[in-house]
Amino acid sequence: AALKIRDVCAGGLLQNIDLDIYAGEVLGIAGLIGSGRTELLRAIFGADKIDSGYLNLGDDETKVAFSSPQEAVEHGVGLIPEDRVREGLLLTESINNNVTINSIQKFGGRYGIIDKDQEHSATESYREVLSIDCIDIGQSVAELSGGNQQKVVIARWLLKDCGILLFDEPTRGIDIQTREAIYELLYRLTAAGKAIVVVSSETREL
């Protein structure tokens, strides 16, 4: 398994959760609002504190519980949150800045100066791959539709190249065409060996 969750308890809602998440697989988690599904992803990601239990990454038997999202990201775990506006995006910033913010070190040249051409090229490639409908990558994400905002959040984690991706209600509030594009993306990610978790309140979607 890419990630093992063992006997995790957190915040009163989560009690003795056990899960195995495998590379090349989409694991669906059903649940209505308030059932603890979002809290589970937040606990895995280090956004909420785990009261007891632990995680194992890959074949490593070391017991871990991330103390912060930054620590989770350093271990190859990314979270696409349910509330993309409040938790997933910097609304006043450009598409480019939103996509590259977690991976800016990739574009550091000599003396720590950012290679803007390389940075913009990376953002442009994901704009094309995800068909983000925009004027250009300098456009503010606040001006985009909900579906395109979601694509920007996803582009950020694709650029970061996390091996484990947690999607919380990835298609909520977006049009059917964009939903299909996201489903296709999930298939491509699993084919590339990523481990995917999708939380959804829609049984049909799962």
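None of these values were measured; they are calculated from a predicted model.

Rules used throughout
- Residues numbered from 1 in each chain as written.
- Predicted model: local features only at pLDDT ≥ 70, side-chain atom pairs only at ≥ 80, totals over all residues.
- Heavy atoms only, no water.
- Core = buried A, V, L, I, M, F, W, Y, C linked by side-chain atoms within 4.5 Å.
- Buried < 20%, exposed > 50% of the residue type's maximum accessible area, 1.4 Å probe, protein only.
- Contact = heavy atoms within 4.5 Å.
- Helix = DSSP H or I, 4+ residues; strand = E, 2+ residues; numbered from the N terminus.
- Lys, Arg positive; Asp, Glu negative; His and termini not counted.
- Salt bridge = Lys/Arg side-chain N within 4 Å of Asp/Glu carboxyl O.
- pLDDT = per-residue confidence, 0-100.
- Pairing = 2+ DSSP bridges.
- Axes fitted to C-alpha atoms, helices over the stretch in contact; angles between N-to-C directions.
- Parallel < 35°, antiparallel > 145°, perpendicular 65-115°, else oblique.
- Left-handed = near helix turned anticlockwise from the far one by under 90°.
- Nonpolar A, V, L, I, M, F, W, Y, C, P; charged D, E, K, R; others polar.

**Some remarks on the nonpolar core**
So, point 1. Within the largest apolar cluster, 55 residues are counted, with the highest numbers of intra-cluster contacts made by Leu166 and Phe167.
So, point 2. Not counting residues within four places of it along the chain, the set of residues in contact with Phe167 comprises Leu41, Ile80, Ile154, Leu186, Leu189, Ile196, Val197, Val198 and Val199.

**Considerations on the side chain of Lys151**
So, point 1. Of note, Lys151 is situated in helix α6 (residues 146-160).
So, point 2. We note that Lys151 is buried and unpaired, the nearest opposite charge coming from Asp175 at a distance of 7.0 Å.
So, point 3. Sequence-distant contacts of Lys151, defined by excluding residues within four places in its chain, comprise Leu130, Ser131, Ile132 and Thr178.

**What about the confidence of the model for the protein?**
So, point 1. Within the protein, residue pLDDT values average 92, and 99% of them lie at 70 or more.
So, point 2. Least confident of the elements in the protein is helix α3 (residues 84-88), whose mean pLDDT is 84; most confident is strand β1 (residues 3-10), at 97.

**Let's talk about the pairing of strand β5 (residues 77-80)**
So, point 1. Side chains of β5 alternate between two faces, with Val77 and Leu79 and Gly78 and Ile80 buried alike.
So, point 2. Relative to strand β6 (residues 164-168), β5 runs parallel, the two sharing 4 bridges. The residue of β6 that forms the bridge with Val77 is Ile164.

**Describing the packing of α6 against helix α7 (residues 176-191)**
So, point 1. Orientation of α6 relative to α7, taken along the N-to-C sense of each, is 15 degrees, at an axis distance of 11 Å. In terms of orientation, α6 and α7 fall into the roughly parallel class. Note that α6 runs across α7; the crossing there is left-handed. Judged by residue contacts, Gly147, Gln150, Lys151, Ile154 and Leu158 of α6 engage Thr178, Ile182, Leu185 and Leu189 from α7.
So, point 2. Residues that form the contact of α6 with α7 fall into these classes: 5 nonpolar, 3 polar and 1 charged.

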